[in-house]
Amino acid sequence: MATTLPSPPKIGMVSLGCPKNLVDSERILTKLRSDGYAMSPDYAGADVVLVNTCGFLDSAKEESLEAIGEAIAENGRVIVTGCMGKEAEMIRAKFPGILAVTGAHQYEEVVGAVHTAAPMPPSAFLNLVPESGLKLTPRHYSYLKISEGCNHRCAFCIIPSLRGDLVSRRPDAILREAEKLIEAGTRELLVISQDTSAYGVDIRHQPRMWHGQEVRAHMTDLSRELGKLGAWVRLHYVYPYPHVDQVIPLMAEGLILPYLDIPFQHASRNVLKLMKRPANETKVLERIKNWRTIAPDIAIRSTFVVGFPGETEDDFAYLMDWLEEAQLDRVGAFRFEPVEGAAANDLPNPVPEEIKEERYARLMELTARISADKLQAKVGRTLDVIIDAVDDEGGATGRSKADAPEIDGEVFLRDAGHLSVGDIVAVAIEDADEHDLYGVPTV
Ligand code: SF4
């Protein structure tokens, strides 16, 4: 039996200017062809016409504007890219019917504009890769990487030497990816990077157009826009810069989850200095209190290193007092281990293994007690829970807003056989232990 495949949309291309522009046009067409689009040699047969402009000289600009005008007159559905993208306002004013204007070397954006203007017809034979990409996580939650690399040089870490300095993605590209993931069934976005609060520093927080308005490449703006997409948004790897305070009101408004994963690593000024991390731990305690006033349900997760070279008993005692005061919701701890190539390996005064073990055990005992007390305080409340698994015996496992997948606790449900993976349901909490909650769905 023969299957008729849907015809793909056809793209027309007018490429002006220098050989560099020509290479850009080839790259754009290569990507569109690999996405399944067909090419049209003339205006009449094209579903969309791309005009790759040149703006090097006034005469080149003139020629570009003429080419745009001709494409509008002959076809009407036109996307402008290339050097003239810098003059988007002028182009839009002159040609109000234009579908999109993008700048030079913005492949991701121009290809995205074509997908929006002329979507590929769905076909199981053509679309072997879903629009949201291939995922290794379950359908209902997805990691969203916003940058690569890191500008810090923490003494125990070799990530900057492996991955280089911070390189941030464009906010519109991140938001487009998030939108696609949500269309494909994601209900929870986990924002990740090496340093989420530094997002956009390398590109000077340059704004980009997203759904008709400018969005800065900045953690606060990105969080707000992600929050508007309707999924749970969870922030990971947030370095405690002052501007982190700005995202807390977004949590209070319900735009993003009241959850912050901040790897503090230590509290003692001496150890933080040896680690080459900023030492503002007393201010951090004040800030945590303030965050809890603004968003009372905020869950703060952190990680700490014990037994770092030079950590004295006083430093460790300071960390324990700090933890008692900070009352963090979730804590992970590591015993310091030298990593090949890390600056910390050359530090004097290594902590003997048995002392490391003993400090680790004390810290885990303290944080487990704090966690148990905090979870106990949730018994009797009704919490929203996202369902990760449903078993054959009427039970289900999920997570509250305070629990990230894989690293935090879970909520075990009884009488939950009617639920499906990815549902977000209200759950009456009946019991708690050191790490997990137990409850029953209210519907
Ligand atoms: S620990 Fe984190 S913040 Fe420090 S250098 Fe490594 S990646 Fe950067």
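Since the structure is predicted, the reported quantities are computational estimates derived from the model, not experimental observations. (Residues numbered from 1 in each chain as written. Predicted model: local features only at pLDDT ≥ 70, side-chain atom pairs only at ≥ 80, totals over all residues. Heavy atoms only, no water.)

Quick one: what's the story with unusual backbone geometry, residue by residue and with numbers?
Positive phi outside glycine occurs at glutamine 265, with the angle close to 75°. Within the secondary structure, glutamine 265 sits in the loop between strand E13 (259-261) and helix H9 (269-275). Positive phi, normally seen in glycine, also occurs at aspartate 415, with a value near 50°. On the secondary structure map, aspartate 415 appears in the loop between strand E18 (411-413) and strand E19 (424-432). (Helix = DSSP H or I, 4+ residues; strand = E, 2+ residues; numbered from the N terminus.)

Report on the environment of proline 441, specifying residues and quantitative values.
Topologically, proline 441 is positioned in strand E20 (residues 437-441). Leave out the neighbours within four places in its chain, and proline 441 touches Leu413, Arg414, Asp415, Ala416, His418, Leu419, Ala426 and Val427. (Contact = heavy atoms within 4.5 Å.)

Break down the sheet that holds E18 for me, with residues and values.
An order of E16-E17-E18-E20-E19 is seen for the 5 strands of this closed barrel, with the pairing classed as mixed. Sheet twist, expressed as the average angle between the axes of neighbouring strands with direction ignored, equals 50°. Of the strand pairs in this sheet, strand E16 (residues 382-390) and E19 are connected by 5 bridges, and their pairing is antiparallel. In the sheet register, leucine 383 faces E19, and the bridge partner there is valine 427. (Pairing = 2+ DSSP bridges. Axes fitted to C-alpha atoms, helices over the stretch in contact; angles between N-to-C directions.)

Describe the site of the ligand, and please don't skip the residues or the numbers.
If you check the shell around the ligand, you find Cys150, His152, Cys154, Phe156, Cys157, Ile159, Pro160, Gln194, Tyr239 and Arg277 and nothing else. In the shell around the ligand, the residues fall into 7 nonpolar, 2 polar and 1 charged. (Near = heavy atom within 4 Å. Nonpolar A, V, L, I, M, F, W, Y, C, P; charged D, E, K, R; others polar.)

Tell me about the pattern of salt bridges, residues and numbers included.
Scanning all chains against the criterion turns up 30 salt bridges. Aspartate 408 is paired through a salt bridge with arginine 301; the nearest N and O atoms lie 2.6 Å apart. With aspartate 408 in the loop between strand E17 (396-400) and E18 and arginine 301 in strand E14 (residues 299-306), the pair connects residues that are 107 residues apart, well separated along the chain. For the pair aspartate 408 and arginine 301, a shared accessibility class is recorded, and that class is buried. The shortest N-O distance in the salt bridge between aspartate 388 and arginine 399 comes to 2.7 Å. (Salt bridge = Lys/Arg side-chain N within 4 Å of Asp/Glu carboxyl O. Buried < 20%, exposed > 50% of the residue type's maximum accessible area, 1.4 Å probe, protein only.)

Could you give an account of the state of the cysteines, with specific residues and numbers?
A complete count under the given rule lists 0 disulfides for this structure. With no disulfide of its own, cysteine 54 has cysteine 83 as its nearest cysteine by sulfur position, at a separation of 5.4 Å. A residue is classified by how much of its surface remains accessible, and cysteine 54, at 12% relative accessible area, is buried. (Disulfide = S-S within 2.5 Å.)

Describe the packing of aromatic side chains, with residues and values.
Within this structure, the stated rule accounts for 8 aromatic pairs. For the pair phenylalanine 308 and phenylalanine 336, a centre-to-centre distance of 5.2 Å together with 75° between the ring planes defines the contact as edge-to-face. Pair noted here: phenylalanine 308 is in the loop between E14 and helix H11 (313-326) and phenylalanine 336 is in the loop between strand E15 (330-335) and helix H12 (353-376), with a separation of 28 residues, a long-range link. Here phenylalanine 308 matches phenylalanine 336 in class, with each residue buried. Here the aromatic cluster, defined as three or more aromatic residues joined through ring pairs, consists of Phe156, Phe308 and Phe336. Over the aromatic face of tyrosine 259 sits the side chain of arginine 234, whose NZ or CZ is 4.6 Å from the ring centroid. Positioned above the aromatic ring of tyrosine 141, the side-chain terminus of arginine 399 is 5.3 Å from the ring centre. (Phe/Tyr/Trp six-rings, centres within 6.5 Å; stacked < 30°, edge-to-face > 60°. Lys NZ or Arg CZ within 6 Å of the ring centre and 35° of its normal.)

Describe the packing of helix H6 (residues 171-183) against helix H7 (residues 219-227), with residues and values.
At a minimum axis distance of 10 Å, the contact between H6 and H7 shows a crossing angle of 25°. For the element pair H6 / H7, the angle class is roughly parallel. Where H6 crosses over H7, the handedness of that crossing is right-handed. In this structure, H6 contributes Pro171, Ile174, Leu175 and Ala178 to the contact, and H7 contributes Leu222, Glu225 and Leu226. Considered class by class, the residues forming the contact of H6 with H7 number 6 nonpolar, no polar and 1 charged. (Parallel < 35°, antiparallel > 145°, perpendicular 65-115°, else oblique. Left-handed = near helix turned anticlockwise from the far one by under 90°.)

Can you break down the packing of H11 against H12 residue by residue, with the values?
Interhelical geometry of H11 versus H12 gives an angle of 10° and a closest axis separation of 10 Å. Considering their axes alone, H11 and H12 lie roughly parallel with respect to each other. Residue-level inspection shows Glu313, Phe316, Leu319, Met320, Leu323 and Glu324 of H11 in contact with H12, the latter providing Arg359, Arg362, Leu363, Leu366, Thr367, Arg369 and Ile370. Counted by class, the contact of H11 with H12 contains 7 nonpolar, 1 polar and 5 charged residues.

Tell me about the sheet that holds strand E4 (residues 78-82), residues and numbers included.
Here 5 strands make up an open sheet; going across it, the order is E2-E1-E3-E4-E5 and the pairing parallel. Looking at which strands have only one partner, the edges of the open sheet turn out to be strand E2 (38-39) and strand E5 (100-101). The pairing of E4 with E5 spans 2 bridges and is parallel. Across the sheet, isoleucine 79 pairs through a bridge with alanine 100, a residue of E5. Across the sheet, helix H1 (residues 19-34) touches strand E1 (10-15), E2, strand E3 (48-53) and E4, and the angle it forms with E1 is around 175°. Across the sheet, helix H4 (residues 107-117) touches E1, E3, E4 and E5, and the angle it forms with E4 is around 175°.

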